[in-house]
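Structural description and commentary
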Amino acid sequence: MMGRSWLKAKVWDALSHKLPTTMDHTNAELRRILQSCRTIAVVGLSADWNRPSYFAAKYMQTAGYTVVPVNPRYTEVLGQRCFPDLASIDVPIDM
């Protein structure tokens, strides 16, 4: 029987050619994207204040973005209705 690490290596080998190796966007392009996207779905957003996803989403809220939490563990995060998956979101999402 083969271990998980072997399986992980095989999956990584199969998918790695599809993953980006560099960030090709300039600062101007990233700024344009962030200025045009005002409603952002955050997949895996945690309700625990000490998790990185929480304080990143909280920062986005304070910067004026509408955060749409996506996590099947919660019904509400950061005062927003939390959706169990992306397919369940019933509001328009920019990113």
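Thoughts on the overall build of the protein
When helices and strands are tallied, the protein shows three helices and four strands. Counted from the first residue to the last, the protein has its helices and strands arranged as α-α-β-α-β-β-β. Relative to all contacts within the protein whose residues are 6 or more apart in sequence, the contacts with residues 24 or more apart total 52%. Accessible surface computed for the protein: about 7,500 Å², of which carbon and sulfur atoms make up 58%.

With respect to the pairing of strand S2 (residues 66–70)
Burial analysis of S2 places four of its five residues in the buried class, which makes it a mostly covered element. With five bridges connecting them, strand S1 (residues 39–43) and S2 associate as parallel partners. For Val 42, the partnering residue across the bridge sits in S2 and is Pro 69.

Some thoughts on the packing of aromatic side chains
In the structure shown here, the tally under the stated rule is zero aromatic pairs. Sitting above the plane of the Tyr 65 ring, Arg 38 keeps its charged end 4.1 Å from the centroid.

What to know about the nonpolar core
Residues Ile 40, Val 42, Leu 45, Tyr 54, Ala 57, Tyr 65, Val 67, Tyr 74, Val 77, Leu 78 and Cys 82 constitute the largest nonpolar core, which totals 11 residues. Those elements that provide at least two residues to this core are S1 and helix H3 (52–62). Leaving out residues up to four positions away in the same chain, Ile 40 has contacts with Met 60, Tyr 65, Thr 66, Val 67, Val 68 and Met 95.

Regarding the side chain of Ser 46
One can find Ser 46 in the loop between S1 and H3. Once residues lying within four places of it in the same chain are set aside, the contact partners of Ser 46 are Arg 51, Ser 53, Tyr 54, Asn 71, Tyr 74 and Val 77.

What about the environment of Tyr 65?
Mapped onto the elements, Tyr 65 comes out in the loop between H3 and S2. Here Tyr 65 falls in the buried class, since its relative accessible area comes to 15%. Sequence separation of Tyr 65 and Cys 37 is 28 residues, and the distance between their C-alpha atoms is 8.1 Å. Looking at Tyr 65, its side chain comes within polar contact range of the main-chain oxygen of Leu 34, at 3.0 Å.

Basis of the calculations
- Residues numbered from 1 in each chain as written.
- Predicted model: local features only at pLDDT ≥ 70, side-chain atom pairs only at ≥ 80, totals over all residues.
- Heavy atoms only, no water.
- Helix = DSSP H or I, 4+ residues; strand = E, 2+ residues; numbered from the N terminus.
- Contact = heavy atoms within 4.5 Å.
- Areas by Shrake-Rupley, 256 points an atom, 1.4 Å probe, with all protein chains shown as cover.
- Buried < 20%, exposed > 50% of the residue type's maximum accessible area, 1.4 Å probe, protein only.
- Pairing = 2+ DSSP bridges.
- Phe/Tyr/Trp six-rings, centres within 6.5 Å; stacked < 30°, edge-to-face > 60°.
- Lys NZ or Arg CZ within 6 Å of the ring centre and 35° of its normal.
- Core = buried A, V, L, I, M, F, W, Y, C linked by side-chain atoms within 4.5 Å.
- Polar contact = N/O pair within 3.5 Å; in protein donor to acceptor, adjacent residues only side chain to side chain.

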